[in-house]
Amino acid sequence: DVNETHGGTVFTCDTGLSVDVPKGYAMMIYSRSGHGFKNNMRLSNCVGVLDSGYRGPVVVKLTCDRQIQYVPKVGDRIAQAMLIPVPVVTFEEVTELSDSERGEGGFGSSGR
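Quick caveat, the model's predicted, so the values are computed rather than measured. (Residues numbered from 1 in each chain as written. Predicted model: local features only at pLDDT ≥ 70, side-chain atom pairs only at ≥ 80, totals over all residues. Heavy atoms only, no water.)

Participant: What am I meant to see in the overall build of the protein here?
Facilitator: A count of helical and extended segments in the protein gives one helix and seven strands. Secondary structure elements of the protein, listed N to C terminal, follow the sequence β-β-β-α-β-β-β-β. Burial analysis of the protein (112 residues in total) assigns 23% to the buried set. Across the protein, every contact between residues at least 6 apart in sequence was considered, and the portion connecting residues at least 24 apart equals 68%. (Helix = DSSP H or I, 4+ residues; strand = E, 2+ residues; numbered from the N terminus. Buried < 20%, exposed > 50% of the residue type's maximum accessible area, 1.4 Å probe, protein only. Contact = heavy atoms within 4.5 Å.)

Participant: Explanation requested: unusual backbone geometry in the structure shown.
Facilitator: Excluding glycine, most residues fall at negative phi; most peptide bonds, likewise, are trans. In this model, Asn40 sits at a positive phi of 55°, which is unusual for a non-glycine residue. If you trace the backbone, Asn40 turns up in the loop between α1 (33-39) and β4 (41-43). Asn40 gets classed as partly exposed once you look at its relative accessible area, which sits at 36%. Of note, the phi angle at Cys46 is positive, near 70°, even though the residue is not glycine. As for its position among the elements, Cys46 is in the loop between β4 and β5 (48-51). Given a relative accessible area of 54%, Cys46 falls into the exposed group.

Participant: Help me understand the nonpolar core, please; the structure alone is not making it clear to me.
Facilitator: For soluble globular proteins, nonpolar side chains are generally found buried alongside one another. Core analysis: the biggest nonpolar cluster contains 14 residues, and Ile29, Leu50, Val60 and Leu62 have the highest contact counts within it. Listed by contribution, the elements that provide at least two residues to this core are β2 (9-20), β3 (25-31), β4 and β6 (55-64). When residues of this core are assigned to their parent elements, the largest contribution, four residues, is made by β6. Beyond its immediate chain neighbours, meaning those up to four positions away, Val60 contacts Phe11, Thr12, Cys13, Thr15, Ile29, Leu43, Ile78 and Ala79. (Core = buried A, V, L, I, M, F, W, Y, C linked by side-chain atoms within 4.5 Å.)

Participant: Would you mind showing me how to read the sheet that holds β3 here?
Facilitator: Two pairing modes exist for strands in a sheet, parallel and antiparallel, and in both the strands are linked by backbone hydrogen bonds. In spatial order, the strands read β5-β3-β7; together these three strands make up an open sheet with antiparallel pairing. Among the strands making up the open sheet, the edge pair consists of β5 and β7 (79-85). Across the sheet, the mean angle from the axis of one strand to that of its neighbour is 20°, orientation sign disregarded. Pairing between β3 and β5: four bridges, direction antiparallel. Counterpart to Met27 in the pairing with β5 is Leu50. (Pairing = 2+ DSSP bridges. Axes fitted to C-alpha atoms, helices over the stretch in contact; angles between N-to-C directions.)

In short, the description is geometric, and any link to function would need to be established separately.
This is how it looks when you write it as structure tokens:
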């Protein structure tokens, strides 16, 4: 599926793969660095996340940000994935937060 955008092209690509992500894991889908450097190609949503509740095909949406169009072909390596463990955590509602060295400082407040 191909759509024209402002100066670029968007491709919806079925990878031909289906997944059954195991409980306690998530599959992170990333752009391939070569596509970014050589073709100005990226995943449209930056990073895809498939959690353990997902079963089915892996489809990615690619955006080409240059005027000279790159068109992916069958068999091209268009994305890469990592299966990572996801810790199980619980949240507790509190009325006050604990102190830290950084405190409420925003971006750039850690001294680096």
